[in-house]
Amino acid sequence: MMKRYNIIVNRLTLSVIICCFLFFESAVCVAQQVIKNYTVYTGVAKVKDAELLVIRKMEKDEQLVYLTVNPQTLSTELLPASGVGFKQMSWENAKTYFQQTAYFKAYSAAARQAIALQDAGVTHGFPKDKGITLTIDLCPSHKPLDRIIFTSLIKEFAKIEQPVPIALSITGRWMLTHTDDLNWLKELVAKKEIDITWIDHSFNHHVSPTAPLRTNFLLEPGTDMNFEILGTELSMLQHGLTPSVFFRFPGLVSDQQVVDKVLAYGIIPIGSDAWLAKGQKPSAGSIVLIHGNGNEPVGVADFIKLLKSKAADVTNKQWLMYDLTESLEDEFGNHKS
């Protein structure tokens, strides 16, 4: 049975994230919601006839609030504690209690894929028809967002599928320096042109051009996984985003130990079987990876080319974009024992 890691939030460090950032030798202060005492917490919340798994608790605007996941649909939501039936539960007991749900089946599948140095986690969904699940990574970058990805999707699917589902793997450092781009994405969501699943992609996304994979990215010695995971989630919340129950490893690089650490936070690693910039071709149900941070023009160009080649199929509803949570719900909820 997997070891449940002791997870302690450095509240002083995370409070610094809330209020002020030091970046490029200048302090950038942002007026954001006040969230305190953000921590890992496990229990079951009962809302009407549904039972939700609690994975975090926090104080938001002086109220106790839970971050919950629906174990049947894998969707997350913030839930005020007041008026909610709640029972605290250990992680191991929660796994037993919800073991037959799509969430824990996907969780177990990701754990089984932990051995590979690259691309651990869930890499494929279950489509009803031909189509893909698009994941776009937003690693730290000085360059602006590749907005053409989103405008092209909206244009192609305008009469077929709105909002267009997209999963964005976002880093804390990208959020620090791309306020306008982030606000633009939120506007597209508000206008119901796209629907975004927000994936934790670590805070710093450290990478060395010379270090071998076994000591690179999150495998770099001295990496503070608590900050990389919870710091990013907290930054999302400060920007009005609800973290999903998914995590993407920077560079898709991991090992057994770091996968176990990520799983200990109750989040599911998401890989890809079609990283377009590496020449990997998508098939029906593929979790496609491109970078939208301006650093991967080849991948963006390949995706636009793919999108145009599927124009007729899109019109005939034979090639669709799939929501990541719904795709995994189908894969692990209805079709897996």
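Residues numbered from 1 in each chain as written. Predicted model: local features only at pLDDT ≥ 70, side-chain atom pairs only at ≥ 80, totals over all residues. Heavy atoms only, no water.

Caption draft 1: Focus on the overall build of the chain. In terms of helices and strands, the chain carries 11 helices and 15 strands. Accessible surface computed for the chain: about 15100 Å², of which carbon and sulfur atoms make up 51%. (Helix = DSSP H or I, 4+ residues; strand = E, 2+ residues; numbered from the N terminus. Areas by Shrake-Rupley, 256 points an atom, 1.4 Å probe, with all protein chains shown as cover.)

Caption draft 2: Structural detail: the packing of aromatic side chains. One pass over the structure, following the stated rule, counts 12 aromatic pairs. An angle of 80° between the planes, with centres 5.2 Å apart, marks the rings of F247 and F249 as edge-to-face. Classification of F247 as buried rests on a relative accessible area of 0%. Here F249 falls in the buried class, since its relative accessible area comes to 2%. (Phe/Tyr/Trp six-rings, centres within 6.5 Å; stacked < 30°, edge-to-face > 60°. Buried < 20%, exposed > 50% of the residue type's maximum accessible area, 1.4 Å probe, protein only.)

Caption draft 3: Geometry of the sheet that holds strand β5 (residues 63–69). Read across the open sheet, the five strands follow the order β6-β5-β4-β3-β7; overall the sheet is antiparallel. A strand with exactly one partner marks an edge of an open sheet, and here the two such strands are β6 (76–80) and β7 (85–88). Direction aside, the axes of adjacent strands within the sheet are offset by 40° on average. Note: β5 against β6, five bridges, orientation antiparallel. Note that in β6 the partner of Y66 across the bridge is L79. Most of the contacts of helix α7 (residues 225–238) go to strand β3 (residues 35–47), to which it runs at about 85°, and overall it touches β3, β4 (50–60) and β6. (Pairing = 2+ DSSP bridges. Axes fitted to C-alpha atoms, helices over the stretch in contact; angles between N-to-C directions. Contact = heavy atoms within 4.5 Å.)

Caption draft 4: Focus on the nonpolar core. Residues L53, L74, Y103, F246, I268 and L328 are the most contacted members of the largest nonpolar core, which totals 52 residues. Per-element accounting of this core gives the leading share, seven residues, to helix α3 (residues 102–112). Residues within four places of I268 in sequence aside, it is in contact with L74, Y103, A106, Y107, A110, V122, V245, F246 and F247. (Core = buried A, V, L, I, M, F, W, Y, C linked by side-chain atoms within 4.5 Å.)

Caption draft 5: Highlighting the pattern of salt bridges. Under the counting rule described, the total for this entry stands at eight salt bridges. Of the charged contacts, one joins K46 and E51 as a salt bridge, the two residues approaching to 3.6 Å between their closest N and O atoms. Judged by relative accessible area, which is 27%, E51 ranks as partly exposed. The salt bridge partner of E193 is K191, with a shortest N-O separation of 4.0 Å. The exposed category is assigned to K191, whose relative accessible area is 53%. (Salt bridge = Lys/Arg side-chain N within 4 Å of Asp/Glu carboxyl O.)

Caption draft 6: Spatial organisation of unusual backbone geometry. In this model, Q162 is joined to P163 through a cis peptide bond whose omega is -5°. The residue P163 is located in the loop between α4 (147–157) and β9 (164–170) in this model. The phi dihedral of K48 falls on the positive side, at around 55°, and the residue is not glycine. In this structure, K48 sits in the loop between β3 and β4. In this model, L252 sits at a positive phi of 55°, which is unusual for a non-glycine residue. Residue position: L252 is located in the loop between β11 (243–247) and α8 (256–263).

Caption draft 7: Structural detail: the environment of H291. As for its position among the elements, H291 is in strand β14 (residues 287–291). For the pair formed by H291 and T135, sequence separation is 156 residues and the distance between their alpha carbons is 8.4 Å. If near-sequence neighbours (up to four positions away) are discounted, H291 is found in contact with I136, D137, C139, D146, I149, W275, E296 and V300.

Caption draft 8: Region of interest: the pairing of β5. The buried fraction of β5 amounts to five of the seven residues, a majority that puts the element mostly inside the structure. Pairing between β4 and β5: seven bridges, direction antiparallel. Bridging from a neighbouring strand, K60 pairs with Q63 of β5. If you look at the hairpin formed by β4 and β5, you'll find two residues sitting between the two strands, and D61 has a positive phi there, around 55°. Count of turn residues in the β5/β6 antiparallel hairpin: six residues, of which L74 carries a positive phi of about 70°.

Caption draft 9: Quick look at α8. All of the buried residues in α8 are V258, V259, D260, V262 and L263. Against α2 (91–97), α3, α7, β11 and β12 (268–269) lie the buried residues of α8.

Caption draft 10: View of the packing of α4 against helix α9 (residues 297–309). Two elements in contact, α4 and α9, have axes whose closest approach is 11 Å; the angle formed by their N-to-C orientations is 5°. The orientation of α4 relative to α9 falls into the category roughly parallel. Contacts between α4 and α9 involve I148, I149, S152, L153, E156 and F157 from the former and V300, F303, I304 and L307 from the latter. In terms of residue class, the contact of α4 with α9 is built from eight nonpolar, one polar and one charged. (Parallel < 35°, antiparallel > 145°, perpendicular 65-115°, else oblique. Nonpolar A, V, L, I, M, F, W, Y, C, P; charged D, E, K, R; others polar.)

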